[in-house]
Amino acid sequence: MIEVTIQDKELAKAAQSGSDTFLQLVIDKTREAIGGELTAENMSRMSSNQITLIGYATLREEVMDGGFVQMIHNGYGPFYFRNPFDAAVRNWGATELCRLMRRAKKQYIRHHEDIEKEMTDVEFMAIYETMQVFDEFDDEFVTNEEQWTDTIAHYVDEHLDEFVTIVD
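Just so you know, these numbers come straight off a predicted model, no measurement behind them.

> I'd like to hear about the pattern of salt bridges, residue by residue, with values.
Where charged atoms from two side chains of opposite charge come close, those side chains can pair. All told, the structure shown has seven salt bridges when counted by the stated rule. With a shortest N-O distance of 2.8 Å, Glu-61 and Arg-31 are connected by a salt bridge. Here the residue Glu-61 occupies a position in helix 4 (residues 48-73), and Arg-31 occupies one in helix 2 (residues 19-34), the gap between them amounting to 30 residues. Looking at Arg-31, the relative accessible area reads 16%, which means it is buried. Ionic pairing is found between Glu-41 and Arg-45, a salt bridge with its closest N-O pair at 3.6 Å. A relative accessible area of 58% places Glu-41 in the exposed class. Residue Arg-45 is classed as partly exposed on the basis of its relative accessible area of 41%.

Rendered as structure tokens:
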């Protein structure tokens, strides 16, 4: 497992600021330890919990910015829909997120080739009109993001030693 270290006082301060701040600190420190983002190389040195955490952070950023279509177009579809990401977040208590990912996977399988192909910015913006089937998933994610993030933060807090090493 890649060692992610956080100073005890930094962690305490983040926790006092709320679950979002606490979770973001763990995410930021994990990203820092792996050089910024998930790669095949650094994933082989990470724990499954660390991988799932960075996966959730990336999913949240992509979907909140441009929805599932953007997330798939940016190349993340295989990570979320061809790996057990859904089961991992279910095991963390985010059962509704798991259900959403499983429903979205059906549409991903149907449409991923059209979304993943090379296209101009104009073509990419136009694809949202033909891929409205993802709108429901986007709306559900945005509606529940705060609750799911809180659930993830609580899981991380309860299993902190599986994510980071706390130092003085």
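Still more to cover.
> Which residues make up the packing of aromatic side chains, and what are the values?
Within this structure, the stated rule accounts for 11 aromatic pairs. Here Phe-79 and Phe-85 contribute two aromatic rings whose centre-to-centre distance is 6.2 Å and whose plane-to-plane angle is 50°, an arrangement assigned as tilted. Taking the relative accessible area as the measure of exposure, Phe-79 reaches 17% and is therefore buried. Three or more aromatic residues joined by ring pairs make a cluster, and in this case those are Phe-68, Phe-134 and Phe-137.

> Now, about the nonpolar core: what can you tell me, with residues and values included?
Val-26, Leu-59, Phe-68 and Leu-97 are the most contacted members of the largest nonpolar core, which totals 54 residues. Those elements giving two or more residues to this core turn out to be helix 1 (8-17), helix 2, helix 4, helix 5 (77-81), helix 6 (85-91), helix 7 (95-116), helix 8 (121-130) and helix 9 (135-158). At 11 residues, the largest contribution of residues to this core is made by helix 4. For Val-26, the contacting residues outside a window of four places in its chain are Ile-6, Leu-11, Leu-53, Val-156, Leu-160, Phe-163 and Val-164.

> Describe in detail the environment of Ala-104, supporting the description with residues and values.
Residue position: Ala-104 is located in helix 7. The class for Ala-104 is buried, based on a relative accessible area of 0%. In sequence terms Ala-104 and Met-1 are 103 residues apart; their C-alpha atoms lie 30 Å from each other. In contact with Ala-104, other than residues within four places in its own chain, are Phe-68, Phe-81, Phe-134 and Phe-137.

> Describe helix 9, naming the residues involved and giving the relevant values.
A rise of 1.5 Å per residue sets the reference length of helix 9, with its 24 residues, at 34 Å; its end C-alpha atoms lie 33 Å apart and thus fit the reference within 8%. Glu-145 marks where helix 9 bends most, by close to 60°. What helix 9 keeps buried is the set Phe-137, Asp-138, Glu-140, Phe-141, Asn-144, Glu-145, Trp-148, Thr-149, Ile-152, Ala-153, Tyr-155 and Val-156. On its buried face, helix 9 is in contact with helix 2, helix 4, helix 6 and helix 7.

So, how was this worked out
Sequence order as written defines residue numbering, which begins from 1 separately in each chain. In keeping with the predicted nature of the model, local features appear solely for residues at pLDDT of at least 70, side-chain atom pairs appear and are counted solely at 80 or more, and the whole-chain, interface and lining totals rest on all residues. Excluding hydrogens and water, the side-chain values take into account all heavy atoms of the structure. Take a side-chain nitrogen of Lys or Arg and a carboxyl oxygen of Asp or Glu: if they are within 4 Å of each other, that pair is a salt bridge. Here a strand is any run of E in DSSP of at least two residues, a helix any run of H or I of at least four, and the numbering for each starts at the N terminus. Using a 1.4 Å probe on the protein chains alone, a residue whose accessible area is under 20% of its type maximum counts as buried, one over 50% counts as exposed, and one in between counts as partly exposed. Two rings belonging to Phe, Tyr or Trp (six-membered ring only in the last case) form a pair when the distance between their centres is within 6.5 Å. Interplanar angles under 30 degrees mark stacking, angles over 60 mark edge-to-face geometry, and anything in between is tilted. Grouping buried Ala, Val, Leu, Ile, Met, Phe, Trp, Tyr and Cys residues that are joined through side-chain atoms within 4.5 Å yields what is termed a nonpolar core. Here, two residues are considered to be in contact whenever any of their heavy atoms come within 4.5 Å of each other. For a helix, the expected span equals 1.5 Å multiplied by the residue count minus one. Here the bend at each residue means the angle between axes fitted to two seven-residue stretches, the one ending at that residue and the one beginning there.

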